Amino acid sequence: MKKALTILIMIAMLAAIAFAGCTSGSGSAGGSATAAATQTATAAPVATGTETQTDSATITITDVAGRSVVVPDNPSKIAVSGSGSSRYFAWLGATDKMVAVDFQDSSLLKRKAETRPYMLANPQIKELQVLGASKGVVDPELLMKANPEVVFMSGVSDTIIQNANELTEKTGIPVVLFYSGDYVTSTAKVEESLRTIAKVLHKEQRAEDVIKYFADTRADLESRAAKADGTVKPTVYIGGVSYNGAHGFDGSDPTYYPFTVLSANNVAAGLGSTASTGYAAVSKEQIIGWDPEIIFVDLNTMEAAGGGGIYELQTDPSYRELTAVKTGKIYALNPHTSMGTNHETSMANAYYVGKVLYPDLFADIDPEAKADEIYTFVDGAPVFKTLKENMENLSYTQLKI
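Treat the numbers as computed from the prediction; the structure is a model and nothing was measured.

A. Highlighting the overall build of the chain. What the chain contains, in helices and strands, is 14 helices and 15 strands. Across the 401 residues in the chain, those meeting the buried criterion constitute 48%. In the chain, once contacts between residues fewer than 6 apart in sequence are set aside, the share between residues at least 24 apart is 67%. By element, 56% of the accessible surface of the chain is carried by carbon and sulfur atoms, the whole surface being about 18,000 Å².

B. Inspection of the pattern of salt bridges at higher detail. The final tally for this structure, using the stated rule, is 15 salt bridges. Of the charged contacts in the structure, one is a salt bridge between Glu114 and Lys126, with a shortest N-O distance of 2.9 Å. You can see Glu114 sitting in the loop between β6 (98-101) and α3 (117-121) and its partner Lys126 sitting in the loop between α3 and β7 (129-130), a full 12 residues away along the chain. For Glu114, a relative accessible area of 10% corresponds to the buried category. Close ionic contact of Asp220 with Arg224 constitutes a salt bridge, the shortest N to O distance being 3.2 Å. Of this pair, Asp220 and Arg224 both sit in helix α7 (residues 204-226), 4 residues apart, which is roughly one turn of that helix. Arg224 sits in the buried class, given a relative accessible area of 12%. Salt bridges linked by common partners bring Asp105, Arg111, Glu114, Arg116 and Lys126 together as one network.

C. Expanded view of the packing of aromatic side chains. Tallied over the entire structure, the rule returns 17 aromatic pairs. Grouping aromatic residues by their ring pairs yields a cluster made of Tyr88, Phe89, Trp91, Phe152, Phe178, Tyr183 and Phe214. Over the ring of Tyr319 we find Lys284; its NZ or CZ atom is 5.8 Å from the centre of that ring.

D. Inspection of the side chain of Ser395 at higher detail. Structurally, the position occupied by Ser395 is in the segment after α14 (384-390). A distance of 2.5 Å separates the side chain of Ser395 from the side chain of Asn334, its partner in a polar contact. Setting aside anything within four residues of it in sequence, one finds Ser395 in contact with Leu299, Ala332, Asn334, Glu368, Phe384, Leu387 and Lys388.

E. Local environment of the pairing of strand β9 (residues 175-178). The alternating pattern of β9 places Val175 and Leu177 and Val176 and Phe178 on opposite faces, both of which are buried. Of the strand pairs in this sheet, strand β8 (residues 150-154) and β9 are connected by 4 bridges, and their pairing is parallel. Bridging across to β9, Phe152 finds its partner in Val176. For the handedness criterion, the β-α-β arrangement of β8, helix α5 (residues 158-171) and β9 is classed as right-handed.

F. Inspection of the sheet that holds strand β10 (residues 235-239) at higher detail. Judged by pairing direction, the sheet is parallel, and its 4 strands sit side by side in the order β12-β10-β14-β15 without closing on themselves. The outermost strands of the open sheet, each flanked by one partner alone, are β12 (265-266) and β15 (330-333). Across 2 bridges, the pairing between β10 and β12 is parallel. Bridge assignment links Thr235 to a residue of β12, and that residue is Asn265.

G. Layout of helix α13 (residues 367-379). Taking 1.5 Å of rise per residue, 13 residues should cover 18 Å, and α13 covers 17 Å from first to last C-alpha, within 8% of that figure. Where α13 is concerned, the buried positions are Pro367, Lys370, Ala371, Ile374, Tyr375, Val378 and Asp379. For α13, the angular spread of the buried residues around the axis is 135°, confining them to a single face. Each element contacted by the buried residues of α13 is listed here: α2 (87-91), α3, α7, α12 (343-357) and α14. The N-cap residue of α13 is Asp366: its side-chain oxygen and the backbone nitrogen of Glu368 are 3.1 Å apart. Positive phi shows up at Gly380, right after α13, with a value of about 100°.

H. Spotlight on the packing of helix α6 (residues 187-201) against α7. At a minimum axis separation of 8 Å, α6 and α7 run at an interaxial angle of 160°. The angle between α6 and α7 falls in the class roughly antiparallel. The handedness of the crossing between α6 and α7 comes out as right-handed. Contact residues: Glu191, Leu194, Arg195, Ala198 and Lys199 in α6; Glu204, Ala207, Glu208 and Ile211 in α7. Its residues assigned to classes, the contact of α6 with α7 comprises 4 nonpolar, no polar and 5 charged.

I. Summary view of the packing of α12 against α13. Their axes nearest at 9 Å, the elements α12 and α13 cross at an angle of 165°. Taken together, the axes of α12 and α13 lie roughly antiparallel to each other. Crossing handedness for the pair α12 and α13: right-handed. Judged by residue contacts, Glu344, Thr345, Met347, Ala348, Tyr351, Tyr352 and Lys355 of α12 engage Pro367, Lys370, Ala371, Ile374, Tyr375, Val378 and Asp379 from α13. Taken together, the residues of the contact of α12 with α13 sort by class into 9 nonpolar, 1 polar and 4 charged.

J. View of the nonpolar core. Phe89, Phe152, Phe249 and Phe296 are the most contacted members of the largest nonpolar core, which has 93 residues in total. Per-element accounting of this core gives the leading share, 8 residues, to α12. Leaving out residues up to four positions away in the same chain, Phe89 has contacts with Ile78, Val80, Ala94, Thr95, Met98, Phe152, Phe178, Ile197 and Leu201. Ala100, Leu143, Ala164 and Ile173 belong to the second-largest nonpolar core, a separate cluster that totals 14 residues.

K. Region of the structure containing the environment of Ala246. As for its placement among the helices and strands, Ala246 is situated in the loop between β10 and β11 (251-252). In the structure, Ala246 is positioned 58 residues away from Ala304 in sequence and 4.7 Å away in space, judged by C-alpha atoms.

Reading the values: the criteria
Residues numbered from 1 in each chain as written. Predicted model: local features only at pLDDT ≥ 70, side-chain atom pairs only at ≥ 80, totals over all residues. Heavy atoms only, no water. Helix = DSSP H or I, 4+ residues; strand = E, 2+ residues; numbered from the N terminus. Buried < 20%, exposed > 50% of the residue type's maximum accessible area, 1.4 Å probe, protein only. Contact = heavy atoms within 4.5 Å. Areas by Shrake-Rupley, 256 points an atom, 1.4 Å probe, with all protein chains shown as cover. Salt bridge = Lys/Arg side-chain N within 4 Å of Asp/Glu carboxyl O. Phe/Tyr/Trp six-rings, centres within 6.5 Å; stacked < 30°, edge-to-face > 60°. Lys NZ or Arg CZ within 6 Å of the ring centre and 35° of its normal. Polar contact = N/O pair within 3.5 Å; in protein donor to acceptor, adjacent residues only side chain to side chain. Pairing = 2+ DSSP bridges. Right-handed = clockwise from strand over helix to strand, strands pointing away. Expected span 1.5 Å × (residues − 1). Arc of directions from axis to C-beta. Axes fitted to C-alpha atoms, helices over the stretch in contact; angles between N-to-C directions. Parallel < 35°, antiparallel > 145°, perpendicular 65-115°, else oblique. Left-handed = near helix turned anticlockwise from the far one by under 90°. Nonpolar A, V, L, I, M, F, W, Y, C, P; charged D, E, K, R; others polar. Core = buried A, V, L, I, M, F, W, Y, C linked by side-chain atoms within 4.5 Å.

Below you can see the structure in the form of structure tokens.
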């Protein structure tokens, strides 16, 4: 009996173990199937233009330097490095995501007067943490203190690429390079950068709206000016254009946006540009030889050493003999170059220049109101009045020389 009972107990135990094994195997198989399905759903990348969707949290972006960078999808905290680099983020309406900025976009940069419309419209940018002690410098410790999810850095040189790679190695924070330059001379590059940034920040529609606005504005200006074809156009010159700081009357721009879109007779058009922003230095002898009939002055020249272009026109005997000086046809424009090119100011200036050159074709335009329309759409606020005050109320006026 004892032997039989022992056998029965052993059989019962073996049956229990077998049943448990079947139950465990069934559960394990179900779990493996679920994991495999999840992995299949998330691991396979789907290419979309320059973006590759890898999972719900990150995307892979090909930046303007051709670097493949894995970044958070729609990050809430970003850092922006490079001269005037915050401009694009104001255009895209993404300044609320910024937690750290370049030295030149910070409160540490002291200026006589603010001329950047994106900064006038978004003064809170200056109060953000600075990334370094000078333009384009990113201190890893300061970056880590700000704790952004991604860094957007302007520039595509070998040095900048190396700096970006090293910064990621030191901090673990991804760096996306973008192009920040002149919309006139490098339209495609600027648009590519806007779209790349917008892809990361989920601002695609806003990027397309901005690009379309720029194109529509140019088309409007060109269509108005086209009606003046066949007429004798006066020669024009723009002096006092900035490049790496303020310049005197000899600072000009062969590809000056208002002159280009209005098909104006720019006496400096044949010069070679020495900068990405279109700047070119012109000799006094050349200006006198051209003797332009109408002169426009970039008001940032007032910050130049020696008083700048307006003072030169007032005091230099050679310039006093210019036709435009004798006839009083000298007009003041807002600075379009300040920490890079502020394209919204270029467009606003073009309407004022159009009003001067072709008054009948721009009879419906109030240049100051048009400027505020542009600034409001592009930067988020009507800042012309403040900008004019910063320019000693000379913006869009006929100067008395």
